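Commentary on secondary and tertiary structure
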Amino acid sequence: MVGSMVLGGLFTACGTPDEPVESPSTEQEEALQSLTFTEVTEEAGLEGFRHTTGAFGNRWFPESMGSGGGFVDFDDDGWPDIVLTGGGTWPDHSDAAPVEALHLYRNNGDGTFDEVTAEVGLGGIHAYSLGVTAADYDNDGDQDLFITTLGENLLFRNDGGRFSEVGTEAGVAGGFSWSTSAMFFDADRDGHVDLYVGNYVDWTPENDLICMLEGMIRSYCTPELYEGVPARFYHNNGDGTFSDWTDRAGFAVAPGKTLGMAEIDVNGDGWSDLFVANDTQRDLFYLNNGDGTFKEQGALSGMAYDENGKARAGMGIDVGVVDETGEPTLFVGNFSKEMIGVFRHIGNGLFVDRAAASQIGRPSLLTLTFGLFLFDADLDGDFDLYAANGHVQPEIDETQEGIDYAESAHLFLNQRDGLFEDVAAGDLAKPIVGRGAAYADYDRDGDLDILVTENSGPVHLYRNDLDTGRSVRVHLEGTASNRDGLSARVMGYVAGKPLTRYVRTGSSFLAVSEKEVTFGLGQAPYLDSLVVYWPSGAVNRHGAQEAGFQLTLTEGESIAEATPFNTLSLPPN
Amino acid sequence: MLRPSVILSLLLGGLLLFGACTRTGPQGETDTAPPMDPTTERMLYQSTQALQSHAFVQALALVDSAEARAPGLADVPFLRGRIYAELVRLKEAEAEYRKALALRPNYPGAWNNLGNTAFRDQRYSEAIQLYHRELAANPDPRPWRGIARAYVELGKTDSARFAFERALALDETFAEAHFGQALLLDDLGDAEGALKAAREALTYDPDNLEYQYHVGAYLVKLGRPGEALALLESVAEAWPWHQGTHYNLAQALMRLGRTDEAEAMQTRAEQLRDLQAQISHLENTARVQHRDPFAHAALGSMLRRVGRYNDAMHAYMVSLYLDPSNLEVYNNVAVLHLLRQDTTAAIRAFEQIVQVDATNPHAWLNLGSLYALSDQLDGAKYAWEKVLEYDPGNEVASRYLASLTPVP
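Residues numbered from 1 in each chain as written. Chains lettered and ligands numbered in written order. Predicted model: local features only at pLDDT ≥ 70, side-chain atom pairs only at ≥ 80, totals over all residues.

The next thing to look at is the overall build of chain B. Secondary structure summary: chain B contains 22 helices and 2 strands in total. Viewed in the frame of its principal axes, chain B has a C-alpha envelope of about 80 × 70 × 40 Å. Put simply, 45% of the contacts in chain B that link residues at least 6 apart link residues at least 24 apart. (Helix = DSSP H or I, 4+ residues; strand = E, 2+ residues; numbered from the N terminus. Contact = placed C-beta atoms within 7 Å.)

Shown next, in the form of structure tokens:
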């Protein structure tokens, strides 16, 4: 068990903010040399998991999309646990027993996990499960789970580590729909997290169409053939229930076919704005009107299409400040022969397409990206981009030269000048049929590890072996704001440079990452200072913080609880 | 004036314009074109002309006739291969090109066209090998461009860049290679370089709307919307169906602060995008179901609807090749001729319809109108009388006929 200590608001004993730091290039070189991700699925005890599609030969569309998963600290012990969606079977077309919709693995704190699905009340749930997100929607101090399905969605309320399904009574089940990714965020800053649920297309076994690859091979259909279904938005009433405010909040008129969404405050007005990735439809940019309602303005802003005005197959999505402009950049995973979309905000709600210029475009052109997220892989202070890839047509290798079904992931390392370089190697580069992807520091050594699901396959846990310990991690607890501090902006200053982080759910595809934010320090010995902009409007400032700790910051308090990283996994000094 | 044999050689080349009948291969091998009698030569010339106007049945009939007169002539299977390629019958096209090569191992353009069919079939590595065979036999910039495009598809950008450079080293005025370079540089993140290369392409092919569009789009991307505006407006005027141009125009207007105009332009771009999505779907269907005349006819109708008349004609003619008895498609072809303001061709098309179905009053009515438009009043009178013969109550025909009667 790691110890913890209480620190004052100003921590300056370990040096001054003006101490010199090494040049970024040297730093980057060193980080590159030691940046290794090792697959630890088996030793972590996750090798038994298999996603089930229920495929029986008819190539029903939903089979190609799952599965989801991610990290949730369900028992609030500070160790990220793992949740995975199991998929499903088709009742009239399989003799096999129905599969579990959910699998929950408790983190034992020693690099291993134990499945506790039944033990915590999540066993015996049968649904065609797809995505997962998590938040403390009832502000009672524990993480609740929201599962998207082909059918009614499921909300599992967590009461001290035991779950009860309350989707219908909470008003978020949503009727029969094919839901995909979902996101909790505080749209109206009322201290209760709201819920945005992406829907895909109007597909049922009854209206299934037969599609052929190159006219020869039965294949999975593409979404052009089906009507899109718009997302739903549920306003949190603060009493454990939600109201469907899709229309009232401005989300009713939308093309649907949504696979991912991400939030950020684009214009710095303190209100969360929303980006939505849609498959073969324009992507969306919802600007918050400053009252929890939204106006969509993607097409004119320049982020909805490729440079020729063509809609792409938007899948996973993330947004963050990745360069010194201080402006957010949006990243959207797309189909093979479509680059990952990269759009930098240039002010006034306008975006410029930087896919090719960022050097992400070309290397991503032949891969089909689902899960995608920004994280500081090498702890040098800036966001890098991970993309999980895998095609949807198992026979694509036979019909399109240069395109594969199982594909390597991309790990685009940020060069700090708006340019990225794909450095995926080793275990991370082994081809898989990637889908959902999430990150967390599951071994609490201060760097970020990766979880990726495979369609009709296993899950993969990649441990980041950087082991520099040169980061400061921040966990928020809201009081006036929502308990998770979702939608809070956390500014860290390292060697005078501002680093912008948001506490969020959403992003990526069908996945949930940890809510802690990580400030990589590079060669700097400490974080100069920290400012938290809470969604309630409160602002808390904290002083310098030495590397190697996770801070818990409570809204309105100047004292931080600091827990040292798990030093067992750090190299000796 | 060019001699027919020279014209024939030019036209037969298709994607490759080799004029000489005798050339020496890389190993000193002599590849001599056998003599051709004037009638065969004329047939092949006419077949090429028919191919250019998408008259596939006629083109194939003429090439078959030429073969009957002069068996063993490599020009025949080569031309037939080109016709099959236009009909999206790629396997048959490949077989014909290989026949040409069997008859004449260095037949100019045959390896190149085999490369093109492999490329269209997404067999990129094979395409590269085939283009190299062409280069070994007949050095020319076009196979280098084909190689470059195949490397682009395979993600081998350095090799693609090298191949484009080789193409331009052989012919610096080769606009398509400059344009290919522009696309590649844009993909690689060098928008300035892309703009320069696209402008270079325009230097050698100034009327090319595709190049003009890309120059405009690169200017928008580079944050120079003011410079892009006039260019994009001119492309939009010529290509009112082109979604990308309208989208980039909207982006340029938005960045210039002309929000209302931008919104209107974006609305138009959205409409065009919906239409383009339908076209793409129909194109894919026609490609996959290339023997289905209805797939090509549906594509033709959608292309006609958006104003892409040349492409529409191609699709209709493929449909008619597959099902020559479809009078509805004949009618669509005739209407398309009218839309292209080619009254003579429209008359010919309606005449074909009434030859097949002499009892069709609608065709007679249209034919009469076209005769009248071209001052062939006797023909008009005859046609409208035919309408009344098969549809005695047709008031329009009666009114038209009455208008022909001189007022006393």
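This is not the end of the story, as more comes after the structure.
Another point: the packing of helix α21 (residues 377-390) of chain B against helix α22 (residues 395-404) of chain B. Residue and element names in this part refer to chain B. Contact geometry for α21 and α22: axes closest at 9 Å, N-to-C directions at 150°. Here α21 is positioned roughly antiparallel relative to α22, judged by the angle of their axes. Crossing geometry of α21 relative to α22 is assigned as left-handed. From α21, L377, A380, K381, W384, E385, V387 and L388 reach across to α22, where they touch A397, S398, Y400, L401 and L404. Its residues assigned to classes, the contact of α21 with α22 comprises 9 nonpolar, 1 polar and 2 charged. (Axes fitted to C-alpha atoms, helices over the stretch in contact; angles between N-to-C directions. Parallel < 35°, antiparallel > 145°, perpendicular 65-115°, else oblique. Left-handed = near helix turned anticlockwise from the far one by under 90°. Nonpolar A, V, L, I, M, F, W, Y, C, P; charged D, E, K, R; others polar.)

Structurally, the position occupied by P205 of chain A is in the loop between β12 (194-199) and β13 (211-213). For the pair P205 of chain A and G537 of chain A, spaced 332 residues apart in sequence, the C-alpha separation works out to 48 Å.

To continue, consider the sheet that holds strand β35 (residues 511-512) of chain A. All names here are of chain A. The strand order β6-β5-β4-β3-β35 describes an open sheet built from 5 strands, whose pairing is mixed. With one partner strand each, in any of the chains shown, β6 (113-115) and β35 form the two edges of the open sheet. The pairing of strand β3 (residues 69-72) with β35 spans 2 bridges and is parallel. Across the sheet, G69 pairs through a bridge with A511, a residue of β35. (Pairing = 2+ DSSP bridges.)

Residues and elements named next belong to chain A. Ordered by their spatial adjacency, 4 strands build an open sheet running β2-β31-β30-β29, and the pairing between neighbours is antiparallel. Because the sheet does not close on itself, it has two edges, and the strands there are β2 (37-39) and β29 (434-440). The sheet shows a mean angle of 25° between the axes of neighbouring strands, direction not considered. Bridge count for β29 against strand β30 (residues 449-454) is 5 bridges, and the pairing is antiparallel. Bridge assignment links Y439 to a residue of β30, and that residue is I450.

Looking at the secondary structure, you find S129 of chain A in strand β7 (residues 129-135). Classification of S129 of chain A by C-beta neighbours within 10 Å gives buried; the count is 30. (Buried ≥ 20, exposed ≤ 12 C-beta atoms within 10 Å, placed from the backbone.)

How big an interface is tends to be stated in terms of accessible area lost as the parts join. Taken together, the contacts link 32 residues of chain B with 23 residues of chain A. Secondary-structure elements contributing two or more residues to the side of chain B that touches chain A are α7 (124-137), α10 (175-187), α12 (209-221), α14 (243-255) and α15 (259-288) of chain B. Grouping the constituent residues of the side of chain B that touches chain A by class yields 12 nonpolar, 12 polar and 8 charged.

Residue and element names in this part refer to chain A. Of the residues in chain A, 93% have a pLDDT of 70 or more, and the chain-wide mean is 92. Long-range and interchain partners of residues 1-24, a stretch whose pLDDT sits below 50, account for 39 contacts in this model, where long-range means more than four residues apart. Confidence over residues 568-573 falls short of pLDDT 50; this stretch has 8 contacts with residues more than four positions distant or in other chains. (pLDDT = per-residue confidence, 0-100.)

All names here are of chain A. Taken across its 6 residues, strand β31 (residues 459-464) has 6 buried, putting it largely inside the fold. The two faces of β31 match: V459, L461 and R463 on one face and H460, Y462 and N464 on the other face are all buried. In the sheet, β2 pairs with β31 via 3 bridges, with the strands oriented antiparallel. Bridged to T38 within β31 is R463. Across 4 bridges, the pairing between β30 and β31 is antiparallel. Pairing of L451 across the sheet is with L461, part of β31.

Residue and element names in this part refer to chain B. The share of residues in chain B with pLDDT of 70 or more is 91%, and the mean pLDDT across the chain is 89. The lowest-confidence element of chain B is helix α1 (residues 4-13), averaging 34 in pLDDT; the highest-confidence one is helix α11 (residues 191-204), averaging 98. Throughout residues 1-30 the model reports pLDDT below 50, and contacts reaching past four residues in sequence, or to other chains, amount to 50 contacts. At the level of chain-chain contacts, confidence expressed as ipTM amounts to 0.86, with global pTM at 0.88.

This part is about the packing of α11 of chain B against α12 of chain B. Residues and elements named next belong to chain B. At a closest axis distance of 9 Å, the pairing of α11 and α12 adopts a crossing angle of 155°. On the basis of the axis angle, α11 is roughly antiparallel to α12. Crossing angle aside, the handedness with which α11 passes α12 is left-handed. Between α11, through A191, A194, L195, A198, R199, A201 and L202, and α12, the contact on the second element is made entirely by Y211, Q212, H214, V215, Y218, L219 and K221.

The next subject is unusual backbone geometry. In this structure, S67 of chain A follows G66 of chain A across a cis peptide bond, with omega equal to 5°. Mapping S67 of chain A onto the fold places it in the loop between α2 (41-44) and β3. At K257 of chain A, a position not held by glycine, the phi torsion is positive, near 60°. With respect to the secondary-structure elements, K257 of chain A resides in the loop between β16 (242-244) and β17 (258-264). Even without being glycine, Q122 of chain B reaches a positive phi, approximately 65°.

Nonpolar side chains in soluble globular proteins tend to be buried together. Ranked by internal contacts, the top residues of the largest apolar core, which has 286 residues, are Y196, F275, F331, Y386 and A437 of chain A together with A198 and Y316 of chain B. Mapped onto the domain boundaries, this core takes at least three residues apiece from domain 1 (1-139) and domain 2 (325-408) of chain B. Setting aside residues up to four positions removed in sequence, A437 of chain A forms contacts with G371, L372, F373, Y386, A388, I450, L451, V452, S508, F509 and A511 of chain A. (Core = buried A, V, L, I, M, F, W, Y, C linked by C-beta atoms within 7 Å. Domains from an automatic or database assignment.)

Turning our eyes to something else, we now look at helix α9 (residues 157-170) of chain B. Along an α-helix, residues three or four apart share an orientation, since each turn contains 3.6 residues. Taking 1.5 Å per residue, 14 residues should reach 20 Å; α9 of chain B reaches 20 Å between its end C-alpha atoms and fits that length. If you follow the buried residues of α9 of chain B, they end up packed against α8 (141-153) and α10 of chain B. (Expected span 1.5 Å × (residues − 1).)

To continue, consider helix α6 (residues 110-120) of chain B. Residue and element names in this part refer to chain B. Most of α6 is tucked away, with 10 of its 11 residues classed as buried. Those residues of α6 that sit buried are A110, W111, N112, N113, L114, G115, N116, T117, A118 and F119. The first or second residue beyond α6 is Q122, which carries a positive phi of 65°.

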